[in-house]
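Report on the structure
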Amino acid sequence: MVNVLLISPSSMPLFQVEELLSDKNELLMPNFETPTGLIELASYTRNKLDYVNFELLDLAKELSAFHRNLADNSPTDYARFVGRLLSQVVTIPDIVGISILFSSSYLSSIKLAEIIKKKWPTTKVIFGGGHVTFYHSTVFKDSDFVDYVFVGEAEIGFKKFIRKISADKSNELSNISVEEIPGVYDRKKVNRDLEKGIVKAEFGELLIDLDQIGLPAYDLLDLETYRKFSNAFPDGAIGVMMERGCPFKCTYCASMVIHGSGIRTKSNQRIIDDLIYLRDECGFSNIILWDDLLAARKTKFTALADRIVAEGVNKGLLFSMPSGLSVRIMDDKLLESVCSLGFDYIRIMIESGSVDAQHNIVKKKVDLDKARHLIAHARTLGVKVETNILFGFPYETKRHMQETIDYIKTIDVDWIQVFSLLPLPGTEAFDQYAKMGKLDPNNIDWDRCGYSSREFDTKEVSAQELTDLVYDVNIYTNFFGNRNYLEGRYERAANYFTDMVLWKYKFHIPALYMRAQSYMQLGDTDKATADLGEAAMQIATNEISRSHWQRYGSKMPMLMDYLDASYLDLCSPHPPSIDAGFIL
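This is a predicted model, so every value here is computed, not measured.

Procedures and definitions
Residues numbered from 1 in each chain as written. Predicted model: local features only at pLDDT ≥ 70, side-chain atom pairs only at ≥ 80, totals over all residues. Heavy atoms only, no water. 1 Å grid on protein atoms, 1.4 Å probe; cavity = no way out; pocket = protein on both sides within 12 Å on 5 of 7 lines; lining within 4 Å. Points joined across faces, edges and corners; volume = space filled by probe spheres on them. Helix = DSSP H or I, 4+ residues; strand = E, 2+ residues; numbered from the N terminus. Nonpolar A, V, L, I, M, F, W, Y, C, P; charged D, E, K, R; others polar. Buried < 20%, exposed > 50% of the residue type's maximum accessible area, 1.4 Å probe, protein only. Pairing = 2+ DSSP bridges.

Side note on empty space enclosed by the protein
In this approach a probe as big as a water molecule rolls over the atoms, and the regions it shows empty are the leftover space. Going through the model one piece at a time under the given rule, you end up with four cavities of 30 Å³ or more. There is about 60 Å³ of room inside the largest cavity. Residue lining of the largest cavity: Pro9, Ser10, Val17, Leu59, Leu63, Tyr78, Phe81 and Ser108, and that is the complete set. Of all the secondary structure elements, the ones that give two or more residues to the lining of the largest cavity are α3 (59-68) and α4 (78-86).

A word on the layout of surface pockets
By volume, the second largest pocket amounts to about 630 Å³. In this structure, the second largest pocket is lined by 20 residues; those nearest its centre are Phe134, Tyr135, Val199, Lys200 and Ala201. Contributing elements (two or more residues each) for the lining of the second largest pocket: α7 (136-142) and α18 (428-436). At four residues, α7 tops the list of elements feeding residues into the lining of the second largest pocket. Its residues assigned to classes, the lining of the second largest pocket comprises ten nonpolar, seven polar and three charged.

Considerations on the pairing of strand β1 (residues 2-8)
Counting buried residues in β1 gives seven out of seven residues, a clear majority hidden from the surface. With burial as the criterion, each face of β1 is covered, one bearing Val2, Val4, Leu6 and Ser8 and the other bearing Asn3, Leu5 and Ile7. Here seven bridges tie β1 to strand β2 (residues 52-58), and the two strands are oriented parallel to one another. Bridge pairing in β2 links Ile7 to Leu57. Bridge analysis of β1 against strand β3 (residues 95-99) gives four bridges, and the strand direction is parallel. The residue bridging Leu5 from the neighbouring strand is Val96, located in β3.

Here you go:
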């Protein structure tokens with residue numbers, strides 16, 4: 001029997017993890033998601049080999065639980081936190097596989113590998129996932145505790161790797177050769193390639209028939225926790241992936257590189273069986289669809305949706321779509337099929353409101369008029385509608401950014417997620433910034449890479465201007481220019497301010513102020529007065545709230561009656577993005 005421990009690390013950077021654990025900072029809220037890739041890998045392997053025993057350590061979930069119970073937890077550090085969890089592993093593993101989907105998980109995973117090796121010196125540690133797919137050779141320079149790296153998709157490569165272990169009569173994992181397994185690297189194989197001048201990795205074989213995965217290994221998860229808690233819903237949720245691959249070449253995304261340009265999908269029967277299992281056997285009512293390109297195969301998806309509705313599979317289920325819908329493949333009929341399943345919201349992905357940027361910079365090639373039409377059509381279907389906006393693409397000018405600001409004022413969406421572009425390894429944007437000399441691919445602090453800011457200036461926009469713009473556009477678009485409020489949908493506006501912000505951040509002054517305005521329009525003066533009073537109290541006692549007032553106080557005149565006169569001179573006439581020349 002080969003014993004395998006799979007680990008899903010948190011996407012939270014290591015320095016924030018340490019701060020959360022040691023200082024118990026409640027503002028650091030770690031996310032956790034279903035480790036779909038790991039449980040699909042385990043299921044596929046089980047279906048092919050009957051001598052592999054799996055356990056799964058869901059570190060992201062455990063860190064989230066630590067945050068939820070801050071008051072009851074004693075301060076600790078990452079090594080002790082992980083050590084306690086490793087002590088609960090039932091069987092000493094022969095192999096530990098760590099999935100590093102996000103670059104922000106890299107440094108914590110390097111530390112994790114060291115902790116594992118000190119506890120189990122003979123255990124072999126494998127790194128896989130999106131980040132190391134593009135940094136396979138660097139891993140061995142950064143750590144003496146990682147034995148193998150899997151590049152790209154891992155199901156087929158992992159099966160071959162396990163078979164080699166089983167065939168090794170010496171029972172010594174150090175004797176295992178991976179020379180002939182595509183996408184699997186050890187130090188010897190990497191060094192051989194480097195000596196030949198080969199720096200790019202060979203990817204693992206793609207699994208064409210996704211039905212070979214079978215039912216993902218949900219039994220490895222703490223399903224009780226997933227039923228109670230999630231990032232996407234107020235209560236629990238579980239993640240599902242129906243297809244892999246994307247034919248588009250957006251400059252900010254590496255999905256096509258990792259999963260290929262062809263669309264591979266599970267059969268409709270497999271998908272339906274999985275949904276019924278999660279609903280009836282596991283008790284889930286909220287389903288997160290993680291497909292990179294949902295409904296990419298239109299005819300197949302429409303048939304799936306029709307069956308799900310006709311057979312009542314979606315009865316009692318509510319869906320969400322973090323990755324959103326592609327304007328390029330969507331039409332009214334397909335959108336109606338999507339919405340028929342029962343979504344909490346849909347997300348029409350736009351990223352930029354500039355026609356020139358869409359075609360020549362982002363290369364998403366969204367028809368912005370079509371996007372506006374789809375958003376309007378979705379409104380008629382009764383679903384919440386959201387979108388994403390990114391600023392900071394290579395060669396994106398302030399003119400392009402202003403065009404995006406102007407465009408989002410013309411679309412009737414419930415909420416806009418506004419981010420700074422994070423140049424991900426494997427993307428064209430990453431390569432472009434490297435060629436400009438704005439980032440050194442061999443010297444990046446992965447802990448400091450995020451969607452709210454970047455570390456370098458360009459000739460088009462400085463790092464500080466970009467950070468300010470992302471923050472200011474978020475505040476002006478989602479709060480002071482909130483479409484639900486402007487269109488008189490006051491109850492919907494108030495609910496969004498609560499669900500998107502205030503349940504987490506009670507100190508958020510623009511959210512409190514605009515919810516108060518919504519309550520005022522609804523005739524509920526008691527709630528409005530309470531929110532304004534709460535906002536004034538937060539300004540007086542909370543540093544973040546005070547910074548909100550200083551930056552945006554001129555947009556919140558009703559608060560002036562609730563504040564001491566000493567606060568009135570604190571607020572700026574306008575936020576810094578206006579000083580930078582933007583019209584918000």
